[in-house]
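Residues per chain, in single letters:
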Amino acid sequence: MATKTYKLNNGLDIPAIGLGTWQSAPGAVRQAVVEALRAGYRLIDCAYCYGNEDEVGQGLADAFSQGIVKREEVFVVTKVWATYTTRCALGLEKSLKSLGLEYVDLLLVHWPLLMNPEGNDDRFPKLPNGERDIIRSHNHVDTWKQMEQLLALGKTKGIGVSNYSKRYLEQLLPHATVIPAVNQIENHPALPQQEIVDLCKEKGIHIMAYSPLGSTGGPMLTAEPVVQVAEKHGAKPAAVLLSYHLARGSTVIAKSVTPERIRENIDTLLELDAEDMQKLNDYSAQLTREGKLQRFVYPPFGVDFGFPDKS
Ligand SMILES: NC(=O)C1=CN([C@@H]2O[C@H](COP(=O)(O)OP(=O)(O)OC[C@H]3O[C@@H](n4cnc5c(N)ncnc54)[C@H](OP(=O)(O)O)[C@@H]3O)[C@@H](O)[C@H]2O)C=CC1
Ligand SMILES: O=C[C@H](O)[C@@H](O)[C@@H](O)[C@H](O)C(=O)O
């Protein structure tokens, strides 16, 4: 299961599971990356915004020098942060420098908006009233046009998006010369985002599921139906939450800096059966009906991204 891959619309193979690095502290993430690669992970999910790409790069360098993996065996993902969406080439350049790499395998638009590139902070510029400094006249399609140009430079093998709703994808796709290879979205049984998953499937866009455990502290680990499916298999809830995405044909990225969890998350993946998926899907349907879907990651941009649970 660990080595399972999917074919992207650009011909590249993407692993089914990857290590997340958001909120992985410098000092912990270097070793986490080494541990993950030693345990068999072949995808590392990074971002300029995470502020730890230097340490992730050190972990990659350690793994290369220790002979754990070769560069070409690891699928490295990074993202253009919102203050760089009019300067995508620069955003990529900065990530590559920090990571110590010549190229990444996939570059994503982190969020479809522009924050002031000339504001009072490189990553989180704020207005005097404390709100995020957002340039609302920016059209996210223009960012995608820049992303398309980047492919020719050879510094990323593929391009994709993140946090794109159905509405935003429908705005983008008629203008896209290159169809995004991936849409990375929050995804778990309490936020199935089926309308996006279905549209992406129809258009050949692969889903990368983020915050599969419900993000910080893993609140989805105690959801009753998840616990029940885990008990049926004599497994842990984390295994159910991660395997759910494999059953849906998606890639899943789980963050941990804890060596046992890093290993456990890749070693205990399950083949969920139709009954398991029915239970989890019934739970999603019930939350949808009751208006109780849970989105754990929704930064205070003050922008309507078109997600039905937030619009
Ligand atoms: N594109 C985007 O906008 C976003 C992308 N992402 C990406 O997705 C990745 C994963 O999502 P993330 O939000 O980090 O959250 P996750 O859903 O992966 O949950 C991470 C939390 O679960 C804990 N954990 C990990 N494994 C286990 C386990 N087996 N048992 C119990 N607890 C566990 C971790 O603790 P500990 O580390 O202490 O072990 C951490 O507190 C991110 O790191 C990032 O790479 C995430 C959010 C937004
Ligand atoms: O990738 C993870 C998330 O999107 C993260 O990058 C944002 O939530 C960011 O911390 C923000 O506050 O806008």
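The name recorded for the protein chain in an unreviewed UniProt entry is NADP-dependent oxidoreductase domain-containing protein, from Humicola insolens.

K.L.:
Please clarify how the environment of Leu60 should be interpreted in this entry.
P.N.:
By secondary structure assignment, the location of Leu60 is in helix 2 (residues 53–65). Beyond its immediate stretch of four places on either side in the chain, Leu60 contacts Val33, Leu37, Ile44, Val74, Val76 and Leu101.

K.L.:
I tried to follow the confidence of the model for the protein chain on my own but got confused; where do I start?
P.N.:
Low-pLDDT stretches of the model should not have their predicted coordinates read in fine detail. Looking at the protein chain, the pLDDT average stands at 97 and 99% of residues meet or exceed 70. Among the prediction metrics, the complex's ipTM stands at 0.99, with pTM recorded as 0.98.

K.L.:
Please clarify how the site of ligand 2 should be interpreted in this entry.
P.N.:
As a structural note, the neighbourhood of ligand 2 is formed by Trp22, Cys49, Tyr50, Trp81, His110, Trp111, Phe124, Arg132, Pro299 and Phe301. The contact in question runs from an oxygen atom of ligand 2 to an N or O atom on the side chain of Tyr50, over 2.5 Å. Between ligand 2 and the protein, one listed contact pairs an oxygen atom with a side-chain N or O atom of Arg132 at 2.7 Å. In isolation ligand 2 has 330 Å² of accessible area, and contact with the protein removes 87% of it. Among the cavities detected, the one that contains ligand 2 is the largest pocket. When its residues are assigned to classes, the shell around ligand 2 shows eight nonpolar, one polar and one charged.

K.L.:
I keep staring at the site of ligand 1 and nothing clicks. Help me out?
P.N.:
Around ligand 1, the structure places 31 residues, and the nearest of them are Asp45, Ser215, Lys255, Ser256 and Thr258. Take Gly217: an N or O atom from its main chain is 3.0 Å from an oxygen atom of ligand 1. Protein contacts shield 91% of the accessible area of ligand 1, which totals 920 Å² for the unbound molecule. The cavity where ligand 1 resides is the largest pocket. Residue assignment for the shell around ligand 1 shows that the elements contributing at least two residues are strand 10 (251–255) and helix 9 (259–267).

K.L.:
Whenever I open this one, the pairing of strand 3 (residues 17–20) confuses me. Can you help?
P.N.:
A regular strand carries its side chains on alternate faces of the sheet. As paired elements, strand 3 and strand 10 share four bridges and run parallel to each other. Looking across to strand 10, one finds that Leu19 is bridged to Ala254. Pairing of strand 3 with strand 4 (residues 43–45) involves two bridges; the strand directions are parallel. Paired with Leu19 across the two strands is Ile44, which belongs to strand 4.

K.L.:
Help me out: how do you make sense of the sheet that holds strand 7 (residues 159–162) in this one?
P.N.:
Sheets are built from strands paired through backbone hydrogen bonds, the pairs being either parallel or antiparallel. If you trace the eight strands once around the closed barrel, you get 3-4-5-6-7-8-9-10, paired in parallel fashion. Sheet twist, expressed as the average angle between the axes of neighbouring strands with direction ignored, equals 25 degrees. Note: strand 6 (residues 106–109) against strand 7, three bridges, orientation parallel. Each bridged residue has a counterpart across the sheet, and for Leu107 the counterpart in strand 7 is Ile159. Along the sheet, helix 8 (residues 237–247) makes contact with strand 3, strand 9 (206–210) and strand 10, crossing strand 10 at roughly 160 degrees.

K.L.:
Looking at this model, I keep getting lost on the pattern of salt bridges. Mind explaining?
P.N.:
Between side chains of opposite charge, a pair can form when the charged atoms approach closely. As enumerated under the stated definition, the model contains 17 salt bridges in all. In this structure, the salt-bridge partner of Lys155 is Glu93, at a minimum N-O distance of 2.9 Å. With Lys155 in the loop between helix 4 (140–150) and strand 7 and Glu93 in helix 3 (residues 88–99), this pair connects stretches of sequence that are 62 residues apart. Residue Lys155 is classed as partly exposed on the basis of its relative accessible area, which comes to 30%. Among the salt bridges present, the one from Arg167 reaches Asp304, with a minimum N-O distance of 3.6 Å.

Calculation rules
- Residues numbered from 1 in each chain as written.
- Chains lettered and ligands numbered in written order.
- Predicted model: local features only at pLDDT ≥ 70, side-chain atom pairs only at ≥ 80, totals over all residues.
- Heavy atoms only, no water.
- Helix = DSSP H or I, 4+ residues; strand = E, 2+ residues; numbered from the N terminus.
- Contact = heavy atoms within 4.5 Å.
- pLDDT = per-residue confidence, 0-100.
- Near = heavy atom within 4 Å.
- Polar contact = N/O pair within 3.5 Å; in protein donor to acceptor, adjacent residues only side chain to side chain.
- Areas by Shrake-Rupley, 256 points an atom, 1.4 Å probe, with all protein chains shown as cover.
- 1 Å grid on protein atoms, 1.4 Å probe; cavity = no way out; pocket = protein on both sides within 12 Å on 5 of 7 lines; lining within 4 Å.
- Sits in = over half its atoms within 2 Å of the grid points.
- Nonpolar A, V, L, I, M, F, W, Y, C, P; charged D, E, K, R; others polar.
- Pairing = 2+ DSSP bridges.
- Axes fitted to C-alpha atoms, helices over the stretch in contact; angles between N-to-C directions.
- Salt bridge = Lys/Arg side-chain N within 4 Å of Asp/Glu carboxyl O.
- Buried < 20%, exposed > 50% of the residue type's maximum accessible area, 1.4 Å probe, protein only.

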